[in-house]
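Structure assessment
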Amino acid sequence: QVQLVETGGGLVQPGGSLRLSCAPNGSVLSTYNMAWYRQVPGKSRDVVATITTGGITSYSDSVKGRFTISRNSAENTVYLQMNNLKPEDTAIYYCTANLWVDALSQPKDYWGQGTQVTVSS
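Here is a short report on the structure shown in this document. (Residues numbered from 1 in each chain as written. Predicted model: local features only at pLDDT ≥ 70, side-chain atom pairs only at ≥ 80, totals over all residues. Heavy atoms only, no water.)

When you go through the chain residue by residue, the secondary structure sums to zero helices and 11 strands. Along its sequence from the N terminus, the chain presents helices and strands in the succession β-β-β-β-β-β-β-β-β-β-β. With the principal axes as the frame, the chain shows a C-alpha extent of 50 × 25 × 25 Å. Per-residue burial over the chain gives 39% buried out of 121 residues. (Helix = DSSP H or I, 4+ residues; strand = E, 2+ residues; numbered from the N terminus. Buried < 20%, exposed > 50% of the residue type's maximum accessible area, 1.4 Å probe, protein only.)

Further remarks concern the side chain of Asn76. Locating Asn76 in the fold gives a position in the loop between strand E7 (67–72) and strand E8 (77–82). If we skip the residues at most four places from it in the chain, Asn76 touches Cys22, Ala23, Pro24, Val28, Thr31 and Met34. (Contact = heavy atoms within 4.5 Å.)

Our next topic: the packing of aromatic side chains. Scanning all chains against the criterion turns up one aromatic pair. Just above the ring of Tyr94 sits the side chain of Arg45; from NZ or CZ to the centre is 3.6 Å. If you follow Arg45 out to its NZ or CZ, it ends over the ring of Trp111, 5.0 Å from the centre. (Phe/Tyr/Trp six-rings, centres within 6.5 Å; stacked < 30°, edge-to-face > 60°. Lys NZ or Arg CZ within 6 Å of the ring centre and 35° of its normal.)

Once that is clear, we can look at the nonpolar core. As a rule of thumb, nonpolar side chains are buried together in soluble globular proteins. Judged by nonpolar contacts, the single largest core of 28 residues is most densely connected at Trp36, Leu80, Met82 and Tyr93. Mapped onto this core, the elements with two or more residues apiece are strand E3 (18–24), strand E4 (30–39), strand E5 (46–51), E7, E8, strand E9 (91–100) and strand E11 (115–119). The biggest single contributor to this core is E9, with five residues. With sequence-adjacent residues up to four places away left out, Tyr93 is seen in contact with Glu6, Leu20, Trp36, Tyr37, Arg38, Val48, Phe67, Leu80, Met82, Gly114, Thr115 and Val117. (Core = buried A, V, L, I, M, F, W, Y, C linked by side-chain atoms within 4.5 Å.)

Here we come to the sheet that holds E3. Read from one edge to the other, the open sheet built from four strands follows the order E1-E3-E8-E7, with strand pairing classed as antiparallel. The open sheet has two edge strands with one neighbour each: strand E1 (4–7) and E7. Across the sheet, the axes of successive neighbouring strands diverge by a mean angle of 15 degrees, strand direction being ignored. Of the strand pairs in this sheet, E1 and E3 are connected by four bridges, and their pairing is antiparallel. Across the sheet, residue Val5 finds its bridge partner in E3, namely Ala23. (Pairing = 2+ DSSP bridges. Axes fitted to C-alpha atoms, helices over the stretch in contact; angles between N-to-C directions.)

Purely geometric stuff here, so don't read any function into it on its own.
This is how it looks when you write it as structure tokens:
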């Protein structure tokens with residue numbers, strides 16, 4: 001069973017930077033749209049940034065100008081570069097990707113387990 005694995009979370013001071021990475025832990029035939037979401041306990045999981053197969057990106061207003069989503073299609077990896085972090089960015093960050101894992105199935109959405117990002121002095 002293929003899973004998405006996120007890395008790069010941690011504790012950072014306000015104004016600092018972190019880079020999150022996410023990739024499948026097994027082989028896949030193809031990777032389509034990819035995205036990052038975040039969730040604070042007791043609240044809904046909200047989209048942070050998305051990137052299409054062709055590299056078109058979109059961002060939530062709260063992170064625009066501070067976060068950058070990118071991908072390495074050859075390695076089926078998506079990144080989230082987070083700069084000028086604020087305490088309100090504290091959340092569990094999840095990646096999601098539409099993956100085609102084998103020829104007998106259709107592409108479908110997969111989610112990672114999440115990585116904690118804490119912004120605090």
